[in-house]
Amino acid sequence: MKILVLNAGSSSQKSCLYELGESLPQEPLTPLWEAQIDWTKQPGMALIEVKTGGGAVFEDKLPLDDRLKAIASMLETLWCGDTQVLDNPTDIDIVGHRVVHGGEEYRLPTLITAEVKDAIARLAEYAPIHNPVNLEGIEAIEQILGNSVPQVAVFDTAFHSQLPPAAYVYPGLYEWLEQGIRRYGFHGISHQYCAQRTAQILGRNLDSLRLITCHLGNGCSLAAILNGYSIDTTMGFTPLEGLMMGSRSGSVDPGILIHLLRQSGMDAEKLDKMLNSLSGLKGISGLSGDMRHILSAIAQENPRATLAFDIYVHSLRKHIGAMLASLGGLDALVFTGGVGENAAAVREQACAAFEFLGLQLDPQENAASPRDRDIASFESKIRVLIVHTQEDWAIAVSCWQLGFSAASATG
Ligand SMILES: Nc1ncnc2c1ncn2[C@@H]1O[C@H](COP(=O)(O)OP(=O)(O)O)[C@@H](O)[C@H]1O
Ligand SMILES: CC(=O)OP(=O)(O)O
Ligand SMILES: [Mg+2]
């Protein structure tokens, strides 16, 4: 089965093609083809990068005015040119999409229909920098590949759909809950994949493990995972709550928002932009939301970059402490996402706060940032792992499990 995966983020559209046979391999497969469009790296331009399992590469630049055209150009490299891996677009059996907000209704991978698309559009109100671009990917496939290929939405909220009420009900008005204002949690595809991979790496059963998974990418969240179930998480009704992030504030006193709204000239749109796009590492450093830029500015003794890093670590430690309390103990702390997998200084400083529990990193292993490895010292009472998140692979597996093929879907 040939499975195309689209993972749309606020700044990029990533895509992979996997081929899966009749049984699921133990380890994630390397995609036959991988591509990415970066919408923000160069102002006014969409940068396309493609590589194949066979080592072919392709790069292109298109004006940003027509995003659909850029997506079409990216997908064409599947069946044309040096990166060709398919004879024909109709060779694609199924397309899987990461969809960030699935609300209360969508708790399982779901075949996309007009009704599902309406729900994704409706929920864009709560995930304004995510759901619209997820929908854009779905509509691009409809236009480029037609309606005969089945499309599946895999929701980032799904893994957290069994949180206990005390973790998902906000202590505001009871009516909030009746209106669907509750904690949903996000990055579920990544948290679930990393939990399963951790159990595999440790040679333990997931159903007897207490884990905290730290997804630290552009967006950042933690999950407290008990016996394979998410029982608490730091993101909430929207992907804005919790940890300090690249350009998002994470949790701030809601009184600040009331104060800002009362100030002349401040409205919901401006607040949205301020909290989602101009805050976090970017807002504090005044430089960038990219941890690599923050670390190099710290090396140049930039005081605002240092402050941004210190707040990031403080927020991370504090929220790990909260997840620890929800779990009542911990077998392994897991780092994933671009920052979690690569920034040794973040892991070192976060872990230092938990030495009193007998958690101890192996400093050399930590400095080397190895993928899918236990980096705790031999004596450590809590294991610490780096797991390379593979959301696209997890989406492909969900599609495979749904058991669709172009043949069965079209009868
Ligand atoms: N070598 C590195 N050292 C520190 N941070 C890194 C490194 N590589 C990537 N990052 C960070 O990872 C972030 C992106 O993480 P990623 O998981 O790819 O994000 P996304 O949420 O877009 O999927 C970047 O903003 C960057 O700060
Ligand atoms: C849900 C979310 O924050 O996703 P991302 O980290 O991709 O922005
Ligand atoms: Mg991501």
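As the structure is a computational prediction, the values presented were derived from the model and not from experiment.

**Some points on the overall build of the protein chain**
Part 1 of the reasoning: Looking only at helices and strands, one finds 16 helices and 14 strands in the protein chain.
Part 2 of the reasoning: Relative to the compact-globule value of 22 Å for 411 residues, the protein chain shows a C-alpha radius of gyration of 21 Å, a close match.
Part 3 of the reasoning: Projected onto the principal axes, the alpha-carbon positions of the protein chain cover approximately 60 × 60 × 50 Å.
Part 4 of the reasoning: For the protein chain, the proportion of its 411 residues judged to be buried stands at 52%.
Part 5 of the reasoning: Counted over contacts in the protein chain with a minimum sequence separation of 6, partners at least 24 positions apart contribute 63%.
Part 6 of the reasoning: Of the roughly 18,700 Å² of accessible surface on the protein chain, 51% is carried by carbon and sulfur atoms.
Part 7 of the reasoning: Taking the average location of the 30 positive side-chain charges in the protein chain and that of its 47 negative ones, the two points are 6 Å from each other.

**Overview of the sheet that holds strand β12 (residues 332-336)**
Part 1 of the reasoning: Within the open sheet, the 6 strands sit side by side as β11-β10-β9-β12-β14-β13. Their pairing is mixed. Two strands close off the open sheet at either side, each with one partner strand: β11 (229-233) and β13 (373-374).
Part 2 of the reasoning: Two elements, β13 and strand β14 (residues 383-386), share 2 bridges in a ladder whose sense is antiparallel. Bridge assignment links R373 to a residue of β14, and that residue is I386.
Part 3 of the reasoning: On the sheet, helix α6 (residues 188-202) packs against β9 (210-216), β10 (220-226), β12, β13 and β14 and is oriented at approximately 125° with respect to β9.
Part 4 of the reasoning: Contacting β9, β10, β11 and β12, helix α11 (residues 303-327) crosses the sheet at an angle of about 20° to β10.

**Overview of unusual backbone geometry**
Part 1 of the reasoning: Its identity as a non-glycine residue notwithstanding, E301 has a phi of 60°, on the positive side.
Part 2 of the reasoning: You can see E301 is positioned in the loop between α10 (291-299) and α11.
Part 3 of the reasoning: Phi angles above zero are rare outside glycine, and D372 is one such case at about 55°.
Part 4 of the reasoning: Structurally, D372 can be placed in the loop between α14 (363-368) and β13.

**A closer look at the site of ligand 2**
Part 1 of the reasoning: Taken together, the residues surrounding ligand 2 are R98, V100, H130, D156, F186, H187, G219, M235, P239 and R248.
Part 2 of the reasoning: Here an oxygen atom of ligand 2 and a side-chain polar atom of H187 are 2.7 Å apart.
Part 3 of the reasoning: Note that an oxygen atom of ligand 2 is positioned 3.1 Å from one of the backbone N or O atoms of G219.
Part 4 of the reasoning: Among the residues forming the shell around ligand 2, the class breakdown is 4 nonpolar, 3 polar and 3 charged.
Part 5 of the reasoning: Both domain 1 (2-155) and domain 2 (203-386) contribute no fewer than three residues apiece to the shell around ligand 2.

**Side note on the packing of helix α1 (residues 67-76) against helix α3 (residues 131-145)**
Part 1 of the reasoning: It is the contact of α1 with α3, at a shortest axis distance of 10 Å, that shows an interaxial angle of 60°. In this structure, α1 meets α3 at a crossing whose hand is right-handed. Seen from α1, the contacting residues are R67, L68, I71, A72 and L75; seen from α3, they are V133, E136, A140, I141, Q143 and I144.
Part 2 of the reasoning: Partitioned by chemical class, the residues of the contact of α1 with α3 number 8 nonpolar, 1 polar and 2 charged.

**Some thoughts on the UniProt feature "site: Transition state stabilizer" (unreviewed entry) in the protein chain**
Part 1 of the reasoning: What UniProt calls "site: Transition state stabilizer" (unreviewed entry) maps, in this numbering, to H187 and R248.
Part 2 of the reasoning: With respect to the helices and strands, H187 occurs in the loop between α5 (174-178) and α6.
Part 3 of the reasoning: Given the relative accessible area of 7%, H187 is considered buried.
Part 4 of the reasoning: When sequence neighbours within four positions are dropped, the list of residues in contact with R248 reads I129, H130, N218, G219, M235, P239, L240, L275, N276, S279 and G280.
Part 5 of the reasoning: Within the structure, the side chain of R248 is placed 2.9 Å from the backbone oxygen of P239, a separation counted as a polar contact.

Calculation criteria
Residues numbered from 1 in each chain as written. Chains lettered and ligands numbered in written order. Predicted model: local features only at pLDDT ≥ 70, side-chain atom pairs only at ≥ 80, totals over all residues. Heavy atoms only, no water. Helix = DSSP H or I, 4+ residues; strand = E, 2+ residues; numbered from the N terminus. Rg over C-alpha atoms; globule rule 2.2 N^0.38 Å. Buried < 20%, exposed > 50% of the residue type's maximum accessible area, 1.4 Å probe, protein only. Contact = heavy atoms within 4.5 Å. Areas by Shrake-Rupley, 256 points an atom, 1.4 Å probe, with all protein chains shown as cover. Lys, Arg positive; Asp, Glu negative; His and termini not counted. Charge placed at Lys NZ, Arg CZ, Asp CG, Glu CD. Pairing = 2+ DSSP bridges. Axes fitted to C-alpha atoms, helices over the stretch in contact; angles between N-to-C directions. Near = heavy atom within 4 Å. Polar contact = N/O pair within 3.5 Å; in protein donor to acceptor, adjacent residues only side chain to side chain. Nonpolar A, V, L, I, M, F, W, Y, C, P; charged D, E, K, R; others polar. Domains from an automatic or database assignment. Left-handed = near helix turned anticlockwise from the far one by under 90°. UniProt positions renumbered as here; feature names shortened; annotations may be inferred.

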